[in-house]
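# Chains, contacts and geometry: an overview
Here are the chains, one letter per residue:
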Amino acid sequence: WLQAESEEGGGPVAVLLDRLRSSGALPSSPGAAARAARLAMMERERIDELADVVLEDLALSFEMLRLVNTAQVRGSLAGGGPVLAVRRSIALLGLSGVRRAALALRPWPGPLDSEGAQALQALVKRCRHAARTAVALRPAGYDAEVVFLIALLQNLSRLMLHYHFADEARQVLRLQLPLPSAAPDGSDEPGLSESAACHAVLGVDLETLGAAVARQWGLVDEVMRMIRRHPLATPVRAADDDADVLRAVASCANEAVDSQDLPAANRGAALRQVAQRYGRQLQIGLPDLLSALKATPQPLPRDPLPEAESTAPAAMPPVAAAASVVPATPAAATRAAA
């Protein structure tokens, strides 16, 4: 699939995959030097504390997921399932793996100019807001860190667009703006949707960019389904399994945060629509959505790891305890995803 997409006329997917090799997925967030110093001093800290440091940097979190989901590492896991939790990544790769991942990142802001860096930083802040909202909305029994990372990964396409195609991203944003109308009532004509604007500028759908990166990272089809947002034009059907629930809670949070960009007069109606779309599946209402959007940043709630995994190993530990993060039941989700 990657070869076919890359060779098809040297289009934007081929350009993106080439830039992944030269510039990485994202640059390390501001403050990376202080973060690296903290990692160097955390020889004897618990995995939870290490994970909190890693999760402060979106680029480092993604790099850890990329490393732990390579075929070589994933093939050594019991069942060969995917890993979508930073704690599990640290348990498998060790502190030395975290340090290697941190050193492999380009410093902020990579090749971006000041305008592009400012736009990317605003987008990262928005993505983290959506991830915290998803954690607040998650049903009981689902691991907070997995929900947090899936909500982030549902924004992978946007992040790739703003980092690797900064000029095109500005054009996409302009095409989404409403246009003054010549009609007598003076109402503005709506701009293009984000997906249509991206297709008009780059010639590919926005989702294609994120899918190309996720496949390059080695994420399997089940994870690819979870990190794809629910289309706005179709209703949300009942969940068949835990993967559907994880996809829905992340999609709900991202749609809720997106609604905050609308004019103030339209935000209430948009939020009510989001609550109606996901209310039955997630058992939430508009008050729950409003409360989740106001959630303040704080360390993620986590179930305790087994004692053998409570401290960061010096080298890669036995992998018998590592499991898939797409288990069969919600209760298993908390145990396996940690």
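For the structure, see preceding data.
Okay, so let's go over this structure. Within every chain, residues take consecutive numbers counted from 1 along the sequence as written. Where local features are concerned, this predicted model is filtered to residues with pLDDT of at least 70; where side-chain atom pairs are given and counted, the filter is 80 or more; whole-chain, interface and lining totals use all residues. Side-chain figures throughout are based on the complete set of non-hydrogen atoms in the structure, without hydrogens or water.

## Examining the overall build of the chain
Runs of H or I in DSSP of at least four residues are treated as helices and runs of E of at least two as strands, each being numbered from the N terminus. Counting its regular elements, the chain contains 18 helices and 0 strands. When checking whether two residues touch, look at their non-hydrogen atoms; a contact exists if any pair is within 4.5 Å. Counting contacts in the chain only where the partners sit at least 6 residues apart, residues at least 24 apart contribute 71% of the total. For the chain, the exposed area adds up to about 15,700 Å²; of that, 55% sits on carbon and sulfur atoms. Computed with a 1.4 Å probe, the accessible areas rest on the Shrake-Rupley method; for each residue, only the protein chains presented here act as cover.

## Thoughts on the side chain of Ser-259
Structurally, Ser-259 can be placed in helix α15 (residues 242-259). Summary of the burial criterion: residues with accessible area below 20% of their type's maximum are buried, those above 50% are exposed, and those between are partly exposed, where the area comes from a 1.4 Å probe applied to protein chains only. Under the relative-accessibility criterion, Ser-259 is labelled buried at 4%. Leave out the neighbours within four places in its chain, and Ser-259 touches Arg-267, Ala-270 and Leu-271.

## Focus: the side chain of Arg-158
Its location among the elements puts Arg-158 in helix α10 (residues 156-164). Overall, Arg-158 belongs to the buried group, its relative accessible area being 11%. Polar contacts, as counted here, are pairs of nitrogen or oxygen atoms within 3.5 Å of one another; within protein the pair requires one atom able to donate a hydrogen and one able to accept it, and residues that are adjacent in sequence qualify only if both atoms are side-chain atoms. At 2.9 Å, the side chain of Arg-158 forms a polar contact with the side chain of Glu-194.

## Remarks on helix α11 (residues 166-176)
Every buried residue of α11 is listed here: Ala-166, Ala-169, Arg-170 and Val-172. Each buried residue of α11 lies within a common arc of 160 degrees when the element is viewed along its axis, so the set occupies one face. Along its buried surface, α11 packs onto α8 (114-137), α10 and α12 (194-202). By arc we mean the arc of the directions from the helix axis to the C-beta atoms, nothing more.

## What to know about the nonpolar core
Here, nonpolar core means buried Ala, Val, Leu, Ile, Met, Phe, Trp, Tyr and Cys residues that are tied together by side-chain atoms lying within 4.5 Å of each other. Grouped together as the largest cluster of nonpolar side chains are 98 residues, with contacts concentrated most on Leu-26, Phe-62, Ile-90, Leu-159, Met-160 and Leu-289. Excluding residues within four positions of it along the chain, Leu-289 makes contact with Leu-137, Cys-252, Ala-256, Leu-271, Val-274, Ala-275 and Ile-284.

## Some points on the layout of surface pockets
There is about 1,800 Å³ of room inside the largest pocket. Lining the largest pocket we find 48 residues, and of these Arg-126, Arg-158, Gln-176, Glu-194 and Asp-258 sit closest to its centre. When the residues that make up the lining of the largest pocket are grouped by side-chain class, the tally is 23 nonpolar, 14 polar and 11 charged. Points on a 1 Å grid over protein atoms alone make up a cavity when a 1.4 Å probe fits among them but cannot get out, and a pocket when they form an open set with protein on both sides within 12 Å along at least five of seven lines; lining residues each have an atom within 4 Å of a point. Grid points are joined across faces, edges and corners, and a volume is the space filled by probe spheres set on the points. Polar here means any residue other than Ala, Val, Leu, Ile, Met, Phe, Trp, Tyr, Cys and Pro, which are nonpolar, and Asp, Glu, Lys and Arg, which are charged; Gly is therefore polar.

## Quick word on the packing of α8 against helix α9 (residues 144-153)
Where α8 meets α9, the closest approach of the two axes is 8 Å, and the angle between their N-to-C directions is 140 degrees. The interaxial crossing formed by α8 with α9 has right-handed handedness. Contacts from Cys-127, Arg-128, Ala-130, Ala-131, Arg-132, Ala-134 and Val-135 in α8 reach Ala-144, Val-147, Phe-148, Ala-151 and Leu-152 in α9. When its residues are assigned to classes, the contact of α8 with α9 shows 10 nonpolar, no polar and 2 charged. The convention used is that axes are lines fitted to C-alpha atoms, helices contributing only their stretch in contact, and that angles between N-to-C directions extend from 0 to 180 degrees. If you view the pair so one helix is near and one far, a crossing is left-handed when the near helix is turned anticlockwise from the far one by less than a right angle, and right-handed when it is turned clockwise.

## Looking at unusual backbone geometry
With an omega of 5 degrees, the peptide bond between Trp-108 and Pro-109 qualifies as cis. Mapped onto the fold, Pro-109 is located in the loop between α7 (86-104) and α8. Positive phi is not limited to glycine here, since Gln-283 has a value of about 60 degrees. Examined against the element boundaries, Gln-283 turns out to sit in the loop between α16 (264-282) and α17 (286-293). Look at Gln-283 and you get exposed, because its relative accessible area is 65%.

## Re the environment of Leu-103
By the secondary structure assignment, Leu-103 is in helix α7. For the pair formed by Leu-103 and Leu-60, sequence separation is 43 residues and the distance between their alpha carbons is 9.5 Å.

## Some remarks on the packing of α9 against α15
In the contact formed by α9 and α15, the axes pass within 9 Å of each other and the chain directions differ by 60 degrees. If you check the angle between α9 and α15, you find them oblique. Taken as a pair, α9 and α15 cross one another with a handedness that is right-handed. Contacts between α9 and α15 involve Val-146, Val-147, Ile-150 and Ala-151 on the former and, on the latter, Leu-246, Val-249, Ala-250 and Asn-254. Residue composition of the contact of α9 with α15, by class: 7 nonpolar, 1 polar and no charged. We call two directions roughly parallel when the angle between them is under 35 degrees, roughly antiparallel when it is over 145, roughly perpendicular when it lies between 65 and 115, and oblique otherwise.

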